[in-house]
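# Results of the structural survey
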Amino acid sequence: MFRDAGCAPQSTCEVREIHTALGLVASEAGITIVPHSMRAIQRADIVYRPISDARATSPVLLSHRRGDERAVMALFLDICRMTGKTELN
């Protein structure tokens, strides 16, 4: 998205926890992209702005126990396959 907009960050820092990312934003260390649901975490030192680019997506991963052959697991995987855009392995 940055490249498409004609800009590039001078440096990047990847963190695993959203709260860590928000803390970095609050300390004026830069910006972060978070899910819309994070707007529920209201902080006086952070402003949330929507991204209107339809190409802005985030991967969603599904993990489950290997060999789990319960009917409920099979149903859940079928639902994920029907609603997802890619195949589950």
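Structure shown above.
What comes next concerns the included structure. Not measured: the values here are computed from a predicted model.

Attention now goes to the overall build of the protein chain. Looking only at helices and strands, the protein chain features 2 helices and 0 strands. The C-alpha atoms of the protein chain give 18 Å as radius of gyration, which overshoots the globular expectation for 89 residues (12 Å, by more than 25%). Referenced to the eigenvectors of the C-alpha coordinate spread, the extents of the protein chain come out at roughly 50 × 30 × 20 Å. Looking at the protein chain as a whole, 10% of its 89 residues qualify as buried.

Any two side chains of opposite charge can pair if their charged atoms end up close together. Per the stated rule, a full pass over the model turns up 4 salt bridges. Linking R65 and D68 is a salt bridge whose minimum nitrogen-to-oxygen distance equals 3.3 Å. For D68, a relative accessible area of 13% gives the class buried. Among the ionic pairs, D78 bridges to R81, the shortest N-O distance being 3.5 Å. Here R81 and D78 lie together in helix α2 (residues 71-83), a separation of 3 residues that amounts to about one turn. You can call R81 partly exposed: its relative accessible area is 40%.

Another aspect to go through is a nonpolar patch on the surface. Taken together, the side chains of M1, F2, I31, I33 and I51 define a hydrophobic patch exposed on the protein surface, amounting to about 500 Å² of accessible area. Turning to its location among the elements, M1 is positioned in the segment before α1 (18-26).

This next bit is on the side chain of D68. Position of D68 relative to the elements: it lies in the loop between α1 and α2. A distance of 2.9 Å separates a polar atom in the side chain of D68 from a polar atom in the side chain of R70.

Turning our attention to α1. Within the sequence span of α1, burial applies to A21, L22 and V25. Buried residues in α1, looked at end-on, bunch into an arc of 100°, giving them a common side. After α1 finishes, the residue E28 shows a positive phi value of roughly 65°.

Criteria and thresholds
Residue numbers here run from 1 along each chain, matching the order of that chain's written sequence. Only residues with pLDDT of at least 70 are given local features in this predicted model, and only at 80 or more are side-chain atom pairs given and counted; all residues enter the totals for whole chains, interfaces and linings. Values shown for side chains rest on all heavy atoms present in the structure; no hydrogens or waters enter the calculation. Only DSSP runs of H or I reaching four residues or more are called helices, and only runs of E reaching two or more are called strands; each is numbered from the N terminus. Every radius of gyration here is taken over C-alpha atoms, with the globule rule written as 2.2 Å times N^0.38, N being the number of residues. Working definition: with a 1.4 Å probe on protein chains only, accessible area under 20% of the residue-type maximum means buried, over 50% means exposed, and in between means partly exposed. By salt bridge we mean one thing: a side-chain nitrogen of Lys or Arg within 4 Å of a carboxyl oxygen of Asp or Glu. For patch building, the residue pool is restricted to those with more than 30% relative accessible area and no salt bridge; the joining distance is 9 Å between like charges and 5 Å between nonpolar side chains (Val, Leu, Ile, Met, Phe, Trp, Tyr). Note on areas: Shrake-Rupley with a 1.4 Å probe; residue coverage comes only from the protein chains shown. We define a polar contact as two N or O atoms separated by no more than 3.5 Å, with the added condition that, inside protein, one atom must be a possible hydrogen donor and the other a possible acceptor, whereas residues neighbouring each other in sequence contribute only through side-chain atom pairs. Note that the arc is computed from the directions linking the helix axis to the C-beta atoms.

Everything listed here is a matter of coordinates, which is why it stays silent on function.
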